[in-house]
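# A look at the structure
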Amino acid sequence: NTNKAHSYQIKMPYEVINHLVTTDKDIPKTKSSQPKHRKYVFVHDKVYSWLPATVVSSSSDSASAITSDDANATVTVRLRLPSDWKENTYHPPRSTLARSSSNNNSLMRTVNLKDYPDFHLPFQNVDANGILEEQADIANMKYVHEASVLYNLRERHKKGLPYTRVGKIIVAMNPYEWFKDLYSDEWQFFYAKKLIWKEDPIQNFRICLTQLEDSNRVSYEPHVYETSSNAYCGLALEQRDQSIMVSGMSGAGKTETVKIIMKHLATVQTSHPSFSHEKREMTNKSMESEIVSKNNEDNARLKIVSKVLQSNPIFEAFGNAKTERNDNSSRFGRLTKLHFAIEKKENATLGAIKNELGIIGDNDGNKISTVPVCSLVGSSFEIFLLEKARVVSHSKNERTFHIFYQLLAAPSAFKENLFQGFGSATHDSFRYVGSIGSRIIEGMTDTEHFELTVSALKTFGIEGEELNTLMKALCIVLQLGNLTFEPDPSVDGEGALLVADDELEKVTTFMGIGQEEIKNATTTKLVKARGEEFVARLTPTQSRDSCDALAKEIYSQIVSVLVDKMNKRTHPSHFGGRSDQVGASIAADEKDTGCISLLDLFGFETFDKNSFEQLCINYANEHLQNRYILDNFQSVKDDYEFEGIEIDIDCSTTNNSEVLNLVEGRMGLISIINEECVRPSGNSSSFVYKAKMIHKDSNHLVSEKLHRPWEFGVKHFAGSVTYDATDFIERNTDQLPLDLLECVTKCTNSIISTQFDALLTERQTLMQSTRRKQGAMSMTICSKFRKRLAGLIEHIAATKTRYVRCIKPNENKTPRVTDHMVTMRQLGSAGIVTAINISKNIFPNQLPYDIVWDRFHCLSKTDIDPQLDYMEKSALLLSDVFKDSEQFVKGQYTAPYVCGKTKVFFRSGALKRLESDRSSIRSVNVSTLHNYAKTVVHRYRFRVMKRATVKLQAMWRLQKAQRDYKERMKAAVTIYYWMKHILARIKRKALRENDASIKIQSMWRAFNPRKKLKQQKKAAATVQKSFKKRLDRKHFGIAFAECVDAARKQKQMKSLLHALSSDRNQDKDKLLDDCLIMISYLGEHLYAQRVKTAETKDELERSKQRVGSLQSRVDTLEAENKANQIVISRQQEKGLALEEKLKKQGDASSNLTKSIALLQKEQTSAIEKHEKERSDMQSLYKLKSEEVNKDLAVKGKEHAAEVSRLKDMIKLSKEKHQREISDLQRTLEEREESHGKEYEKMLIVMCENMSKQEELESNNESLQEEIKNTQSEMQSSKQAFSEELTALKDTLGGLQVGMHSNDSTFESLQSQIKLIQLNRSVVIDTHKKEGSEIRDTSESQKNDICIEPYNARALHVKEVDSYEMELRSSEKAQSKGISALDKEINEMRDELMSKEKIIASQQSKIKSLQEEHTTAIDGHENERANMQKLMASHREELNMKLSSMAQVRANEIKNLEAELRFSVRAHLEDLDNFNATLEKLQNELNAQKRGCVMCKLFAPLDCELNADQLNTTTVMQC
């Protein structure tokens, strides 16, 4: 029977409602009783759909005021509005109930029963006080109809409960607010454990899945986690691929629901009882950031989960946009496939049975489930119908795709890095973006969303240059929208002219294509006609359209590239093929693979203007609706007809096959659009005309008189939609001109060039094919979309599909407010109300006849002939079991089951009763077997506990003796250390006194010599001052005599001039002699000046030579400086490399310390755990021994009594029951054999445990030896490290002494640092190896079953502590040495920088000196030439005056006097200026020589520099 059960897979064709038939409390006590009168009803309303009311009176004479056979019967009701009617209900402008009060007469209404089905008013679900009741599961409602469903959803939405269960469908009302507690980790684990891991291990797999889903629904609230858990469980148990279809209109919350389900499915495996708490925390953290795990299996799982969840921000950025109805609307369809590795059922069942018998168990004491574990191994994504038109245009209150706003809100530095000038760009800079209505989406700004998107892209490896390439491609899309076209006046306005030169220049910069190529590609088109090619000019509108088409195609290719990269990064092959690294302790050959698909498709849309995209979106929703009908309604009807069961199911209200035939039939809308696209003169008006003429008899094509030639309507399942076909042909074709495509392939952006090369190749292949028309039709958007949609539907049909229906409660996005008309429209289109009505006539459970007989034949109370077939035996069995159980259905009593051709169909509760009776019978048999198994297990545990107790006592005594010995040793050591401390303090005091006395003596001895030195300095200063005064007097006397002589000569010159100028008769000879004397004096003075000028020339030449030598010296110093700079830069690079290596070594040491700390924590926790286990074992030993003795005594008595009773029965009925006695003997023998085998297995396990205990003892001994070896190696490493530190100190001292040899010092430092690094790496490697060996041995000890000796653990912990302390001290010493080395290197750098600054200042000063010298020499040469000219003219004039003195004496004397005055004054001024400049130059040179740190350079200048004039700091700097 078990093999047959495993080979069968139960089929559940109808999965909507399982408990919607009348429950036991609704069945009348007698057959003649009828339902009681109810006064709380619902009535129709044009504004609110349904309104609650109470019956006041009735015009019918029948007993019931609510139902009547009279078609003209009326009922007067009073509206009974809820207390929260105004706050939680949407009121249209024409509504009068928004202001109504309870006393208003408008609440009274008269209704006609003929307007209601079966002349019946629907009842309300109220309690005893008349208050509306809300149910989490509509199956629990007493009266189920569309009004009760509407108000049940309204009540739960008001309370903040967004989810309601309708059978196996979850209805999700968009709450327009986030409930944090509703999606916490605790709730995720709750639903996973409730629906997946807590399955009965004895139940059969093919039965328990359905029973588990049906029986546990009452105990928990509905949630989308229920759907994801059931899909996971179905994948694990049935090993069939699953699908979750999330549907609803735009703004209903589909995208957010898919994200919640995806997160739960990605992490549901962590809720398995065998999954540790630490791994679960790491998985939760991986959702926010990537974490590196020590375990390869955990690391692989965390990477998969992180990448799968990080795909959501990318898809939202590149595929979502703000619309009028939704701030984060998906503008594309996405199919997400989560791939899982499935554990085999046999392994899971075996583990559960072992856990049930107490042989194994998880760390938390939970029972291991029989459900196989499904581990996430990867994912794949597929997108449908991206709304490319939103790239180039969108409505006023809408936005384009989020990524453009995020890019423009990015940091300016990031944008500037993409293109120069792009950093200052805003949304107003681009026509495609325009004004922003809202800068906050889902509580986050565009900048925050950009950071989230970049982080998600980094998860998939898109970072650095690849990220820049992606963002540059988006910039190209934005810039294409700024190109403007105007009519070309040169060709009479027939052609287009690109007028925005600055924008065109930006496009050429972004794309790397020439301006002329872009102009030609956007304003002209290559046309082929009759084998000839010619260039046709485009109009401005056509050029603009081609530019927009290019932008849309580039964005579409960008999204395609992203999806391809994400699929490569998340595909199972990227993580190592099948799941070998992610299996949660499952071998690779024990797994199979499966997937759970999540479909997030755009919802049904209808706007004021519905374009081509809306037609495709609604067409896809029609297909999904058809799939939903086939899965839930039509398949049920077909199965019942096949089984020969009469049932009233009307699917006409939900069947949309005619709409699909209208759209995709042979002459459907898609075929007509494709034909118009291929036809040369095809246009939108002809398409609409053909569609209306071909489908004029269709009830689903709307053709109104007010329609324009390009408008038509379609009656979809969710309502009628009018489409504007103005641009249907252009958008369906969506092909770029060939010359524009060839131009874009030259783009420098790798993404654009690669993708457009593939497009160009595909286009050329299509043009070369023979069947061009069919190829062109297959390249249209409709054809591609229909093909992909067919593949999607085929994939969904091959899987087990589960449904989540999202409902949009109102159009204003107001929390906790319900719009009745909007909600009812969605309930009707979703088929929820139809499903409720159909569920009243169907059977929720069904089983084949062989399964019924195999499972429930034990319930038979009569003998059934085994020769009969399964159908007959099952019918007799069920008639015997249900002979007194009948159900009241549709006014008559029927049996709780119906027999079909191949199956038995059970009504609600019937199969549950059979399973309950079967479980009660099997529990009696299982308890007997369980008692025998417990006896064997407890006996084994008793023996183990006894041996463990003896060993614990011995170990405890040993540990106590060791503790006493250690305490005594510690006391002795403490006394010894205190004695040494006291002696050291005495010695320290004596040394301090001796040092103090020495200091006092030295201070006293130094007092008198210091006093004498001060006196001598003072006397020397006085002597120097007097000597300097004497020298100054001598120089003053010489200078004073010269000044007196000069004054006398000046006086003589004045008297001579006065005599020459006077008119009185004077002695001419005397005047002539005086003039000759004065002239000779002036000649001598001029000769002296010439001598001085010659000397100054010589001095200037010498100074030039000195300047030249200084310049050569400066050049050599500059060359040396440059060489030093190169050496310094190299040393800096080497120093940085050393610093990085040291940082890495520091990180490694910190990791080692962390691992040691973790090892210590594990050791302490293990010791505490063993201590607790020891105490628990002692207490359990006493209790179990008493219980075992009592149980044995009781069982012995019971067994003796039973044996005696059996003997009596055998004696009385020996002849009648001989066959039964033989069967019992056989079963007893088989049980004894099985018990013997189990006992032998337990003995084998016990022997293995004993061997493990011996291995543990040997491991402890080896561990002690390894710890001793590590101590010795650490001591040797410490000695080596101390030697290295001393060597390092010596080298640093050498650096301080020999700073002049920088190159050699740096090379020696580099070699020494390399040696230190090598030695340290060797030491750290040895330490790591030792730490890993210690960690491995400790982990092997930790995982062992037996108890470890406590003394060895204590020694191990102390030795690890000492090892850690020594390691820290060595690391501190290393860090100190390295820091000292860094300080010395920094000092050398500072000194080199100071030298460079000094050399630069000296160069500038030398240049200034050269310039001043050259200017002075030039001025002196000019003055000398002028003086020579003046003297020559003066001599000529004087000779002329002497020869003609008699004639013109008075005039010549006047002229001579004027000329002498002028020449003497100029000469004196020139001399004074020359002397001043010489003194200034001399002073500057002296000052420079005194303050210069390069004294040797100025030695050739013969500058006197006394030692006492040098500052101490200057000398030290030199």
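Here's a quick rundown of the structure. (Residues numbered from 1 in each chain as written. Predicted model: local features only at pLDDT ≥ 70, side-chain atom pairs only at ≥ 80, totals over all residues. Heavy atoms only, no water.)

### Here we look at the overall build of the protein
Scanning the protein from N- to C-terminus turns up 37 helices and 27 strands. Looking at the protein residue by residue over its 1518 residues, the buried ones come to 44%. Long-range contacts, defined here as pairs at least 24 residues apart, represent 73% of the contacts in the protein between residues at least 6 apart. As displayed, the protein offers around 83500 Å² of accessible surface, 53% of which is attributable to carbon and sulfur atoms. (Helix = DSSP H or I, 4+ residues; strand = E, 2+ residues; numbered from the N terminus. Buried < 20%, exposed > 50% of the residue type's maximum accessible area, 1.4 Å probe, protein only. Contact = heavy atoms within 4.5 Å. Areas by Shrake-Rupley, 256 points an atom, 1.4 Å probe, with all protein chains shown as cover.)

### Quick notes on the packing of helix H13 (residues 446-459) against helix H14 (residues 465-480)
Two elements in contact, H13 and H14, have axes separated by 11 Å at closest approach and are oriented at 130°. Classified by the interaxial angle, the pair formed by H13 and H14 is oblique. For the element pair H13 and H14, the recorded crossing hand is right-handed. Facing H13, whose interface residues are Phe450, Val454 and Leu457, H14 presents Leu467, Leu470 and Met471. Class assignment for the residues of the contact of H13 with H14 results in six nonpolar, no polar and no charged. (Axes fitted to C-alpha atoms, helices over the stretch in contact; angles between N-to-C directions. Parallel < 35°, antiparallel > 145°, perpendicular 65-115°, else oblique. Left-handed = near helix turned anticlockwise from the far one by under 90°. Nonpolar A, V, L, I, M, F, W, Y, C, P; charged D, E, K, R; others polar.)

### Observations concerning the sheet that holds strand S21 (residues 719-724)
Judged by pairing direction, the sheet is antiparallel, and its three strands sit side by side in the order S19-S20-S21 without closing on themselves. Only two strands of the sheet have a single neighbouring strand rather than two, namely strand S19 (701-702) and S21. Bridge count between S19 and strand S20 (residues 711-716): two bridges; the pairing is antiparallel. The residue of S20 that forms the bridge with Val702 is Gly713. (Pairing = 2+ DSSP bridges.)

### Some thoughts on the state of the cysteines
Within this structure, the stated rule accounts for zero disulfides. Cys233 provides the cysteine sulfur closest to Cys374, a residue in no disulfide bond, and the two sulfurs are 8.8 Å apart. You can call Cys374 buried: its relative accessible area is 0%. (Disulfide = S-S within 2.5 Å.)

### Quick notes on helix H17 (residues 540-570)
Counted at 1.5 Å a residue, the expected span for H17 with its 31 residues is 45 Å, and the 45 Å between its end C-alpha atoms agrees. Within H17, 23 of the 31 residues are buried, which leaves it mostly tucked inside the rest of the structure. (Expected span 1.5 Å × (residues − 1).)

### Description of the side chain of Ser556
Of note, Ser556 is situated in helix H17. A relative accessible area of 15% means that Ser556 is categorised as buried. Not counting residues up to four positions away in its chain, the partners in contact with Ser556 are Leu386 and Lys388.

### Overview of the nonpolar core
Ranked by size, the top nonpolar core spans 86 residues in total, and within it Phe687, Phe712 and Phe728 carry the most contacts. If you tally residues by element for this core, the top one is helix H18 (residues 612-643), at ten residues. (Core = buried A, V, L, I, M, F, W, Y, C linked by side-chain atoms within 4.5 Å.)

### Focus: the pairing of strand S22 (residues 800-807)
The buried count for S22 comes to eight of eight residues, which makes it a mostly enclosed element. Residues Lys800, Arg802, Val804 and Cys806 line one face of S22 and the alternating positions Thr801, Tyr803, Arg805 and Ile807 line the opposite face, and both faces are buried. One ladder, built from four bridges, connects strand S6 (residues 169-173) with S22; its direction is parallel. Bridge pairing links Ile170 to Val804 in S22. The sheet contact formed by strand S7 (residues 242-247) and S22 spans six bridges and is parallel. Across the sheet, Val246 pairs through a bridge with Val804, a residue of S22.

Take it as geometry only, folks, not as evidence of what the structure does.
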